[in-house]
Amino acid sequence: MTVLGIDTSLRSSGYGILSVEGSRMRPLACGTIKNPPKEPLSGCLRNIHDTVAALIAEYRPDVLSIESVIYGKNAGTMLVLGEARGAVITAAAARGLPIYEYEPRRMKKALCGNGLAEKGQIQRMVKTLLSLPELPQNDAADALGLAICHVHSNSLISQGSPI
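Summary of the structure given here. Source: prediction; values computed, not measured.

Comments concerning the overall build of the protein chain
In step 1: Helices and strands together make up the secondary structure of the protein chain, namely 5 helices and 6 strands.
In step 2: Reading the protein chain from its N end, one meets helices and strands in the order β-β-β-α-β-α-β-α-α-α-β.
In step 3: Expressed along its principal axes, the backbone C-alpha trace of the protein chain runs to roughly 40 × 35 × 30 Å.
In step 4: Counting across all 163 residues of the protein chain, residues that qualify as buried make up 47%.
In step 5: If you take every contact in the protein chain between residues at least 6 apart in sequence, the share linking residues at least 24 apart comes to 61%.

This is how it looks when you write it as structure tokens:
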């Protein structure tokens, strides 16, 4: 099985791709989808969509694991985050990928045993679990964490919510 994890944001979406064979997870790629600060919303969304579509075409994942919508105080920020998620979901749905979403706390608990784990803890645990030579960047670590969370949930037969 190959899992694509995406940690969505407008300016720096993380991605991580895992190959899973039995209980062994091997990272195939990870990184961030960057959008310049002055890029208009439509250009950012197009870049996110096109980059995710290209990752899907290149790595042919079996499933997408994405962070579920979190609630915030700033409605404008939440709207933009939802639009960025929509670009990712559309790219995956157009290629027939099953899509599962996981709450941030669930991902943190699956990785660190604590739903309130901090970014540094997630980075270190991802590095350890995947035997990476160095700490992955924050957004990429979260994306790999979402992929790992799906693998663990799938093996426990209590998958996240399909969307």
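That covers the picture; the talk isn't over yet.
Some thoughts on the pattern of salt bridges
In step 1: Under the definition given, this model contains 2 salt bridges.
In step 2: Across the pair Glu101 and Arg85 runs a salt bridge, and its minimum N-O distance is 2.8 Å. Taken together, the residues Glu101 in strand β5 (residues 99–102) and Arg85 in helix α2 (residues 75–94) connect sequence positions 16 residues apart.
In step 3: A salt bridge links Lys119 to Asp142; the nearest nitrogen and oxygen atoms lie 2.4 Å apart. Of this pair, Lys119 sits in helix α4 (residues 119–129) while Asp142 is found in helix α5 (residues 138–155), placing the two residues 23 residues apart along the sequence.

Some details on the environment of Ala92
In step 1: One can find Ala92 in helix α2.
In step 2: In sequence terms Ala92 and Ala53 are 39 residues apart; their C-alpha atoms lie 7.0 Å from each other.

Here's the deal with unusual backbone geometry
In step 1: For Arg60, which is not glycine, the phi dihedral falls at a positive 50°.
In step 2: Tracing the sequence through the fold places Arg60 in the loop between α1 (41–59) and β4 (63–67).
In step 3: Judged by relative accessible area, Arg60 falls into the exposed class, the value being 65%.
In step 4: The phi dihedral of Ser131 falls on the positive side, at around 50°, and the residue is not glycine.
In step 5: Along the chain, Ser131 turns up in the loop between α4 and α5.
In step 6: Classification of Ser131 as exposed rests on a relative accessible area of 65%.

Details of α4
In step 1: Residues of α4 that are buried include every one of Ile122, Gln123 and Val126, and no others. Taken end-on, α4 shows its buried residues confined to a sector of 100°, consistent with a single buried face.
In step 2: Backbone geometry just after α4 places Ser131 at a positive phi near 50°.

A look at α2
In step 1: Between its first and last C-alpha, α2 extends 28 Å over 20 residues, near the 28 Å set by a 1.5 Å rise per residue.
In step 2: Inspection of α2 places Met78, Leu81, Ala84, Arg85, Ala87, Val88, Ala91 and Ala92 among the buried residues, and these make up the whole buried set.
In step 3: Looking at the packing, one finds that the buried side of α2 touches β1 (2–7), α1, β4 and β5.
In step 4: The N-terminus of α2 is capped by Asn74, whose side-chain oxygen sits 2.9 Å from the backbone nitrogen of Gly76.
In step 5: Phi turns positive one or two residues past the end of α2, at Gly96, with a value near 75°.

What counts and how
- Residues numbered from 1 in each chain as written.
- Predicted model: local features only at pLDDT ≥ 70, side-chain atom pairs only at ≥ 80, totals over all residues.
- Heavy atoms only, no water.
- Helix = DSSP H or I, 4+ residues; strand = E, 2+ residues; numbered from the N terminus.
- Buried < 20%, exposed > 50% of the residue type's maximum accessible area, 1.4 Å probe, protein only.
- Contact = heavy atoms within 4.5 Å.
- Salt bridge = Lys/Arg side-chain N within 4 Å of Asp/Glu carboxyl O.
- Arc of directions from axis to C-beta.
- Expected span 1.5 Å × (residues − 1).
- Polar contact = N/O pair within 3.5 Å; in protein donor to acceptor, adjacent residues only side chain to side chain.

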